[in-house]
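# Structural description and commentary
Below are the chains, spelled out letter by letter.
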Amino acid sequence: MARRKKIYEGKAKILYEGPEPGTIVQYFKDDATAFNAEKKAVIEGKGVLNNRLSEFFMTGLAQIGVPNHFIKRLNMREQLVRSAEIVPLEIIVRNYAAGTMSKRLGLEEGTQLPRPIVEYCYKDDSLGDPLVTEEHIAAFGWASQQDMDDILSLALRVNDFLSGVMMAVGIRLVDFKIEVGRVYDGDFQRLIVADEISPDSCRLWDIETGQKLDKDVFRRDLGSLTDAYTEVAQRLGVMPRKATPVSKPTLIN
Ligand code: TYD
């Protein structure tokens, strides 16, 4: 593809102008950051895995009628997406206590919550994405009441879909984050799931062993992040399993 104009560079992705108006090319980098970019590393292969995994989840969501920005994958690290006006909220859905919720409420990590709990953080790195309530969102005009109804419904549908897909391959969806954006079809405005859905923005635990298969492996120095994401991709059938070595023929006496 010819040289394109860079629109934005974030911690894990670069956005370029797409080939047609209203489209964007999302490039997945190998960079990993945690604790609001205080911890940084380059994890070889992470971008390739997240490109494929986000494609897999977004395609599945589209098949069950959950609107999202994904158009098509272009190559190993890039996908074409519909451009959307991002609502400045990180929308978090939690099924089990972990991370900041465990700290805030003194809940042991892994405690099952009485029902999925949706939280909102204001998207601002310089403030560390603070937790906000619907009161803040309404008062500052970040989203309308109609938007909030749509966001809740999208978030819970994504949760049911992802929980089921993961459970089928022996993985517990502890929590995840999505972002949504506004798109315009003529005068009609609607919200779609945007950004990415990948192990960078989910907590995924093996159901049997509790092994972490998400970005906590990097945050908490628990081993190889690429191995963890590869395991998720292989279980979902997104990446081929490494061929099992064929044993040499043995002589039978
Ligand atoms: P949370 O427990 O609030 O924060 P942390 O990951 O710092 O412990 O995160 C809940 C889930 O949402 C977790 O899977 C990570 C994801 N998340 C992001 O991907 N980006 C964010 O900016 C935030 C706030 C959460």
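Our structure is the block above this text.
Residues numbered from 1 in each chain as written. Predicted model: local features only at pLDDT ≥ 70, side-chain atom pairs only at ≥ 80, totals over all residues. Heavy atoms only, no water.

### What to know about the site of the ligand
Note the cut-off: If a single non-hydrogen atom of a residue is within 4 Å of a molecule or strand, that residue counts as near it. The definition of a polar contact used here is a pair of N or O atoms within 3.5 Å, where within protein one atom must be able to donate a hydrogen and the other to accept one, and adjacent residues in sequence count solely through side-chain atom pairs. A 1.4 Å probe and the Shrake-Rupley method give the accessible areas. Residues count as covered only by the protein chains that appear here. Under the scheme used here, helices are H or I runs from DSSP no shorter than 4 residues and strands are E runs no shorter than 2 residues, and both carry numbers assigned from the N terminus. Following the grouping adopted for this structure description, the nonpolar residues are Ala, Val, Leu, Ile, Met, Phe, Trp, Tyr, Cys and Pro, the charged ones are Asp, Glu, Lys and Arg, and the polar ones are all others, Gly among them.
Within the structure, the ligand sits among 15 residues, and Arg 94, Thr 100, Asp 129, Asp 175 and Arg 203 are positioned closest to it. Between the ligand and Thr 100 there is a distance of 2.6 Å, counted from an oxygen atom to a side-chain nitrogen or oxygen. Between an oxygen atom of the ligand and a side-chain N or O atom of Arg 219, the distance comes to 3.3 Å. Isolated, the ligand exposes 510 Å² of accessible area, and the fraction of that covered by the protein chains is 80%. Those elements that place two or more of their residues in the shell around the ligand are β9 (89-96), α2 (99-105), β12 (171-185) and β14 (202-206). Of the residues belonging to the shell around the ligand, the class tally is 4 nonpolar, 3 polar and 8 charged.

### Observations regarding the packing of aromatic side chains
In plain terms, the rule: Note on aromatic contacts: the rings of Phe and Tyr and the six-membered ring of Trp form a pair at centre separations within 6.5 Å, being stacked when their planes are under 30 degrees apart, edge-to-face when over 60 apart, and tilted otherwise. Relative accessibility thresholds used throughout: buried, under 20% of the residue-type maximum; exposed, over 50%; partly exposed, between the two (1.4 Å probe, protein chains only). A ring is considered to have a charge above it if a Lys NZ or an Arg CZ atom is located within 6 Å of its centre and within 35 degrees of its normal.
According to the stated counting rule, one finds 3 aromatic pairs in the structure shown. Where Phe 56 meets Phe 57, the ring centres are 5.5 Å apart and the plane angle is 70°; that geometry is what we call edge-to-face. By relative accessible area, Phe 56 is classed as partly exposed at 30%. Classification of Phe 57 as buried rests on a relative accessible area of 2%. Three or more aromatic residues link up through ring pairs in this structure, and these residues are Tyr 122, Phe 140 and Trp 142. Above the plane of the ring of Tyr 16 lies Arg 4, whose end atom (NZ or CZ) is 4.4 Å from the centre. Taking the ring centre of Phe 218 as reference, the NZ or CZ of Lys 39 above it sits at 5.0 Å.

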